[in-house]
Amino acid sequence: MSLKKLKIFFLSFFRELFVYHHTSLEFRAKLFAAMIASNKNDNSCEYKVLSKIASEIYDDEYRVNVLVHTTKEYVNKILKSNSLDLDCLLLDIDKDLKRHKRFKNKINMQHLRSFFACNGDEDTIILQTRILEFFENELKNS
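Residues numbered from 1 in each chain as written. Predicted model: local features only at pLDDT ≥ 70, side-chain atom pairs only at ≥ 80, totals over all residues. Heavy atoms only, no water.

J.: Which parts of the structure should I look at to understand the environment of H111?
T.: Tracing the sequence through the fold places H111 in helix α7 (residues 109-113). Among the residues examined, H111 registers a relative accessible area of 14% and is labelled buried. The sequence separation of H111 and K52 amounts to 59 residues, and the corresponding C-alpha distance is 9.6 Å. Not counting residues up to four positions away in its chain, the partners in contact with H111 are F32, I53, E56 and I57. In this structure the side chain of H111 is engaged in a polar contact, spanning 3.1 Å, whose partner is the side chain of E56. (Helix = DSSP H or I, 4+ residues; strand = E, 2+ residues; numbered from the N terminus. Buried < 20%, exposed > 50% of the residue type's maximum accessible area, 1.4 Å probe, protein only. Contact = heavy atoms within 4.5 Å. Polar contact = N/O pair within 3.5 Å; in protein donor to acceptor, adjacent residues only side chain to side chain.)

Listed below in C-alpha cells is the structure:
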C-alpha cells in the first residue's frame, strides 16, 4: 500500500477527528452513494463520475479522495455487507436535512443527474429517477 493510499485510508477511518467539516462530507457521500447503489451491476462508470464531481467540489486532493472512499464505504454497506439498505440511507439523509438545514445547499441536482450518463438497465434508471424526485421533494419541503 502506497503512502498516499495509507494516508487516505487513515483520514477516511478517522474523518471525525481529522477532516474539517466531516459531517458535510459524509452527507455528500450519502447522496452519491444512494445514486451509485441504485445500480446493482458494475459501478466503475459511477465511480469515474463521482471522482469528477468530487474534484469540482473540492480543491484539496485528499478531501476529494476521502469523499470517494467514504462514498464507496456506504455503497459497499448497501450492496455487499447488507448492514445498510437504500431505504435506510434515504431516511438517514432525510434526518440529516431536518437536523442541519444548511445541508440542503449541498444537494446539487446537476451533479446527481450526472450519474444518468452511466448506462444502466431500466430498473436502475427508474430507481435513480425516484431518488432524484425524493431529493427534489426534500429541497422543496425543507
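Resuming the write-up.
J.: What exactly am I supposed to notice about the state of the cysteines here?
T.: Applying the stated criterion across every chain, the model contains 1 disulfide. Two residues, C45 and C118, share a disulfide whose sulfurs are 2.1 Å apart. Looking along the S-S bond of the C45-C118 disulfide, the torsion reads about -85°, which is the left-handed sense. Taken together, the residues span a long stretch of sequence, with C45 in helix α4 (residues 44-57) and C118 in the loop between α7 and α8 (122-141) at a distance of 73 residues. A relative accessible area of 6% means that C118 is categorised as buried. (Disulfide = S-S within 2.5 Å.)

J.: Explain the side chain of D96 to me, please; I cannot follow it from the model alone.
T.: On the secondary structure map, D96 appears in helix α6 (residues 86-99). Of note is the side chain of D96, whose polar atom sits 2.8 Å from the side chain of K30. Those residues within four positions of D96 in sequence are excluded, and the remaining contacts are F27, K30 and F103.

J.: Would you mind going over the nonpolar core with me for this structure?
T.: Generally speaking, soluble globular proteins have nonpolar side chains that are buried together. Ranked by size, the top nonpolar core spans 38 residues in total, and within it L89, I93, I107, L112, F115 and F135 carry the most contacts. Ranked by residue count, the leading element in this core is helix α3 (residues 22-37), at 10 residues. In this structure L89 touches K30, A33, A34, Y74, I78 and L84, once residues within four positions along its chain are discounted. (Core = buried A, V, L, I, M, F, W, Y, C linked by side-chain atoms within 4.5 Å.)

J.: How should I be thinking about the environment of Y47 in this particular structure?
T.: Among the secondary structure elements, Y47 is positioned in helix α4. Classification of Y47 as buried rests on a relative accessible area of 16%. C-alpha separation for the pair Y47 and K72, spaced 25 residues apart in sequence, amounts to 8.4 Å. If near-sequence neighbours (up to four positions away) are discounted, Y47 is found in contact with I36, K72 and V75.

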